[in-house]
Structures are given as C-alpha cells and as structure tokens.
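# Observations on the model geometry
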Amino acid sequence: MSDIARRDRLLSGLRVYLVADPAQLPGPLEDAVAAALEGGVTAVQLRAKSLTDRECVELARRLKRLCDRTGALLFVNDRPDIALAVDCDGVHLGVDDLPLEDARRILGSDMLIGYSPELDEQAITARSAGADYLGIGPLFGTASKADAGAAIGLDTLRRRVGMAEVPVIGIGGITPENTPAVMQAGAAGVAVVGAIIRADDPRRAA
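What this report covers is the structure whose coordinates are included nearby.

About the criteria used
Residues numbered from 1 in each chain as written. Predicted model: local features only at pLDDT ≥ 70, side-chain atom pairs only at ≥ 80, totals over all residues. Heavy atoms only, no water. Salt bridge = Lys/Arg side-chain N within 4 Å of Asp/Glu carboxyl O. Helix = DSSP H or I, 4+ residues; strand = E, 2+ residues; numbered from the N terminus. Phe/Tyr/Trp six-rings, centres within 6.5 Å; stacked < 30°, edge-to-face > 60°. Buried < 20%, exposed > 50% of the residue type's maximum accessible area, 1.4 Å probe, protein only. Contact = heavy atoms within 4.5 Å. Polar contact = N/O pair within 3.5 Å; in protein donor to acceptor, adjacent residues only side chain to side chain. Pairing = 2+ DSSP bridges. Axes fitted to C-alpha atoms, helices over the stretch in contact; angles between N-to-C directions. Parallel < 35°, antiparallel > 145°, perpendicular 65-115°, else oblique. Left-handed = near helix turned anticlockwise from the far one by under 90°.

Glancing now at the pattern of salt bridges. Overall, the coordinates contain 15 salt bridges when judged by the stated rule. In this structure, the salt-bridge partner of Arg9 is Asp89, at a minimum N-O distance of 2.9 Å. Of this pair, Arg9 sits in helix α1 (residues 3-13) while Asp89 sits in the loop between α4 (80-86) and β4 (90-94), and the two are 80 residues apart along the sequence. Connected via shared salt-bridge partners are Arg6, Arg104 and Asp132.

This part covers the packing of aromatic side chains. Within this structure, the stated rule accounts for three aromatic pairs. By the ring-pair criterion, three or more aromatic residues cluster together here, those being Tyr17, Phe75 and Tyr133.

Moving on: the environment of Val41. The residue Val41 is located in the loop between α2 (29-38) and β2 (43-46) in this model. Residue class for Val41 comes out buried when judged on its relative accessible area of 4%. It is 14 Å that separates the C-alpha atoms of Val41 and Ala188, two residues lying 147 residues apart in sequence. For Val41, the contacting residues outside a window of four places in its chain are Val16, Leu18, Ala36, Ala72, Ile196 and Ala206.

A few words now on the side chain of Arg6. Inspection of the secondary structure assignment puts Arg6 in helix α1. Overall, Arg6 belongs to the buried group, its relative accessible area being 15%. A distance of 3.2 Å separates a polar side-chain atom of Arg6 from the backbone oxygen of Ser109. Within the structure, the side chain of Arg6 is placed 3.3 Å from the backbone oxygen of Asp110, a separation counted as a polar contact. Apart from the residues lying within four places of it in its own chain, the contact partners of Arg6 are Met1, Arg104, Ser109, Asp110, Met111, Leu112 and Asp132.

Right, let's get into the sheet that holds strand β7 (residues 168-171). Sheet architecture is closed into a barrel: eight strands sit in the order β1-β2-β3-β4-β5-β6-β7-β8, paired in parallel fashion. Direction aside, the axes of adjacent strands within the sheet are offset by 25° on average. Of the strand pairs in this sheet, β4 and strand β5 (residues 112-116) are connected by five bridges, and their pairing is parallel. From the neighbouring strand, Val91 faces β5, where its bridge partner is Ile113.

Attention now moves to the packing of α2 against helix α3 (residues 53-70). The relative placement of two packed helices comes down to the angle between their axes together with the axis-to-axis distance. Where α2 meets α3, the axes come as close as 10 Å, and the angle between the chain directions of the two elements is 15°. It follows from the interaxial angle that α2 and α3 lie roughly parallel. Between α2 and α3 lies a crossing whose hand is right-handed. Where α2 abuts α3, its residues Leu29, Glu30, Val33, Ala34 and Leu37 lie against Leu59, Arg62, Leu63, Leu66, Cys67 and Thr70.

Glancing now at the packing of helix α6 (residues 120-129) against helix α7 (residues 153-163). One way to put it is that α6 packs onto α7 with a least axis distance of 9 Å and a crossing angle of 30°. Judged by the inter-axis angle, α6 sits roughly parallel to α7. Considering how the two elements wind past one another, α6 and α7 form a crossing that is right-handed. For the pair α6 and α7, the contacting residues are Asp120, Ala123 and Ile124 in the first and Arg159, Arg160 and Met163 in the second.

Now the structure itself:
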C-alpha cells in the first residue's frame, strides 16, 4: 500500500472511532459493535483489560469479522501481539505501554499505531517514534475510563493538533453536541466510548 493510500485509509477510519470495552456492557459486546458499525462507526478499538489473552484473541477475531463487513478499521489497545495474531489494522498505545519505537519494530511499516500522549513533548515526538495518529484527551472528562485524569479542554487539543505531524482524534466526554467544536479545533475525528456503547440504540447513537 502506498503512503498516500495508507494515510487516506487512516483518515477515513478516524472519523467515528469506537472504543469498545466489554466491561462497559452487561451483554455481548459484538451485538453493540455490530449495531454501531451499521450506524456509521469507521474504526473500533478493542479495550479488554479484564479478559484473558485467549478471550481477548477470540473476541478480537469476532470483531474483525464485523469490521471487515463494513470496511472499518480494527485496533487493539495495548497489545501488539494480539493485533498481529488477529491481523488487525493496528494497535493503540499509551505512555505506560510498550514504547512506540519497539512497537514499530515488532509490527513493521504497514500496521497502524495510535498513541495517547500526556505531554506536549510526547505529541511533538510521536511521529518520529512511530505513531500514525494521536488520541488527545480527556477533553471534557469521562466516566468510561477511571484513570483518564482531569479534562484538558479544547485549547490543549488545538495546541497539540498544531504540534503533531500526524492526525489527531479527540476523546473523553464526546457527545453529538460537542463534536462540532472538537472538529473545529482541528481533530480528524472523535473517539467515543459510553455515548455509543452504552446507548439504548448504538446504531442511532453512532
């Protein structure tokens, strides 16, 4: 895949990015993800810290089949090994996960790597270290991730969009009402957890 085609695919995938965590739901995660994909979700990140490795691989494979039907991207949070095993589109890492340089060495040049920086300096150096896109937040605060920290606001998002040399998505407290402001701040898309996955109708919410 050419660099241009790869970037175009990434940009189209980042528009509506669903973070799917089975711990957020009492029922099957696949049902909610399938509905969200029907509603227009363009990427899914599996975040499954409560599952065993085997359970995570099996769930990722089921989600991969769903994403393949609509052309959505599939990422796995924290786990390059599982992303490789399932042939996902990429992995998403935080500052306490495997360093970007090591993840890139393991995954090669084709697989996509997302990264959530906590400091401006990390946003600036992310591309050279191997990141393809950044997740910036929590923008408005969130109840979906206990360790997300305090809301950083749109000014920080706008500043880091200007610093980063890769596309940026906003995350944390995203709703239909505040999404336009996030996009106007320069984001390529929004990452959503509870507003879609816990909705009564995930398809409509997406």
